[in-house]
Amino acid sequence: MGKAMQLQTQFKQLLTGLNIPSASIDDAWQTLANRYGEPHRHYHTLMHIESMTRYFDGIKAQLNAPNSVLLAIFYHDIIYDPTCNDNEVNSAMVFTQTFGSYLSQTTLNRVRALTMATYKHELIDPHDTDMGYFLDIDLSILGISLQRYQDYAKAIRQEYHHVSDIDYQQGRKAVLERFLQRPRLYFSEFFYTKFEQQARANLSQEIAELSV
């Protein structure tokens with residue numbers, strides 16, 4: 001079974017367990033696949049979501065509300081337009097419009113909050129361990145091997161092809177430097193131990209390359 005098929009199966013199992021009608025599940029998956037398959041996406045694709053679900057599978061036993069976290073993984077980037085700064089708001093809106101008739105208000109609010117947190121990737125409440133894990137999973141890409149990280153960085157540049165080299169270099173460096181200025185990039189001990197050191201090395205390397 002291919003990765004996309006595995007992801008679809010996981011999506012359907014999740015929603016079936018939440019008592020979503022099968023026809024609505026099929027429609028939701030088709031919309032999801034179409035969105036993540038948009039031609040302007042080079043990193044924020046279904047493969048990004050598939051990677052996140054693999055990390056999720058490894059830590060879901062530590063979560064208080066794993067279904068909400070998994071829903072946020074699937075929907076947090078369903079709207080992604082690199083020319084806009086309201087993608088998180090719009091992604092949360094699509095999620096609410098899709099499942100507002102089926103899910104509890106608690107679940108809807110939680111998934112929206114998780115999605116909105118990816119705007120700044122800040123953990124307001126240090127006791128919110130689910131959000132910490134979710135944000136760490138989303139930034140796990142920063143701590144992979146340097147070669148794979150460089151492929152990721154190239155994919156991000158492709159998504160911002162409309163931005164001039166000078167403006168991109170300045171903007172990207174500012175984002176990376178803000179991350180490096182944090183006491184730690186990862187909120188959970190699991191991801192901190194696994195990725196922090198390599199992530200800082202990767203970010204520093206990209207900053208150096210952008211400065212040439």
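What you see is a predicted model, and the numbers here were worked out from it, not measured in a lab.

S.K.: Kindly report on the pattern of salt bridges, identifying the contributing residues and their values.
M.R.: Within this structure, the stated rule accounts for nine salt bridges. Salt-bridge contacts for Asp 26 lead to Lys 12; the nearest nitrogen and oxygen are separated by 3.2 Å. Taken together, the positions of Asp 26 in helix α2 (residues 22–36) and Lys 12 in helix α1 (residues 3–17) put the pair 14 residues apart, joining distant regions of the chain. Given a relative accessible area of 38%, Asp 26 falls into the partly exposed group.

S.K.: Account for a nonpolar patch on the surface, naming residues and giving values.
M.R.: Residues Val 89, Met 93 and Met 116 make up a contiguous nonpolar surface patch of roughly 240 Å² in combined accessible area. Position of Met 116 among the secondary structure elements: in helix α6 (residues 105–117). Since its relative accessible area comes to 36%, Met 116 is described here as partly exposed.

S.K.: Can you break down the environment of Thr 129 residue by residue, with the values?
M.R.: Along the chain, Thr 129 turns up in helix α7 (residues 129–138). Given a relative accessible area of 40%, Thr 129 falls into the partly exposed group. Between the alpha carbons of Thr 129 and Ile 20 there is a distance of 27 Å; along the sequence they are 109 residues apart.

S.K.: Account for helix α8 (residues 146–159), with residues named and values stated.
M.R.: With 14 residues, α8 ought to run about 20 Å at 1.5 Å a step, and its terminal C-alpha atoms sit 20 Å apart, in line with that. Of the positions making up α8, those classed as buried are Tyr 149, Tyr 152, Ala 153, Ala 155, Ile 156 and Glu 159. Looking straight down α8, one finds its buried side chains confined to an arc of 160°; they lie on one side. Projecting away from the buried face of α8 at angles above 90 degrees are the exposed residues Gln 147 and Lys 154. Where the residues of α8 are buried, they touch α9 (165–180) and α10 (189–210).

S.K.: So what about the packing of helix α5 (residues 87–99) against α6? Which residues, and what values?
M.R.: Put simply, α5 and α6 touch, their axes get as near as 9 Å, and they point 160° apart. Taken as axis vectors, α5 and α6 run roughly antiparallel relative to one another. Once α5 is placed against α6, the crossing between them reads as right-handed. Taking contact as the criterion, the partners of Glu 88, Val 89, Ser 91, Ala 92, Phe 95, Thr 96 and Phe 99 in α5 are, on α6, Leu 108, Val 111, Arg 112, Thr 115 and Met 116. Residue classes in the contact of α5 with α6 are distributed as seven nonpolar, three polar and two charged.

S.K.: Go over the packing of aromatic side chains with me, naming the residues and quoting the values.
M.R.: Scanning all chains against the criterion turns up 15 aromatic pairs. Centroid distance Phe 11 to Phe 74: 5.1 Å. Interplanar angle 70°. Geometry classified as edge-to-face. With a gap of 63 residues between them, Phe 11 in helix α1 and Phe 74 in helix α4 (residues 66–75) connect regions that are remote in the sequence. In terms of burial, Phe 11 and Phe 74 fall into one category: buried. Residues Tyr 43 and Tyr 152 carry aromatic rings whose centres are separated by 4.9 Å and whose planes lie at 70° to one another, so their mutual orientation is edge-to-face. On the criterion of sequence distance, the pair formed by Tyr 43 in the loop between α2 and α3 (46–59) and Tyr 152 in helix α8 is long-range, its members being 109 residues apart. Put simply, the rings of Phe 11, Trp 29, Phe 74, Tyr 75, Phe 95 and Phe 99 pair up and form one aromatic cluster.

What counts, and where the lines are drawn
Residues numbered from 1 in each chain as written. Predicted model: local features only at pLDDT ≥ 70, side-chain atom pairs only at ≥ 80, totals over all residues. Heavy atoms only, no water. Salt bridge = Lys/Arg side-chain N within 4 Å of Asp/Glu carboxyl O. Helix = DSSP H or I, 4+ residues; strand = E, 2+ residues; numbered from the N terminus. Buried < 20%, exposed > 50% of the residue type's maximum accessible area, 1.4 Å probe, protein only. Patch = residues over 30% accessible without salt bridge, like charges linked within 9 Å, V, L, I, M, F, W, Y side chains within 5 Å. Areas by Shrake-Rupley, 256 points an atom, 1.4 Å probe, with all protein chains shown as cover. Expected span 1.5 Å × (residues − 1). Arc of directions from axis to C-beta. Contact = heavy atoms within 4.5 Å. Axes fitted to C-alpha atoms, helices over the stretch in contact; angles between N-to-C directions. Parallel < 35°, antiparallel > 145°, perpendicular 65-115°, else oblique. Left-handed = near helix turned anticlockwise from the far one by under 90°. Nonpolar A, V, L, I, M, F, W, Y, C, P; charged D, E, K, R; others polar. Phe/Tyr/Trp six-rings, centres within 6.5 Å; stacked < 30°, edge-to-face > 60°.

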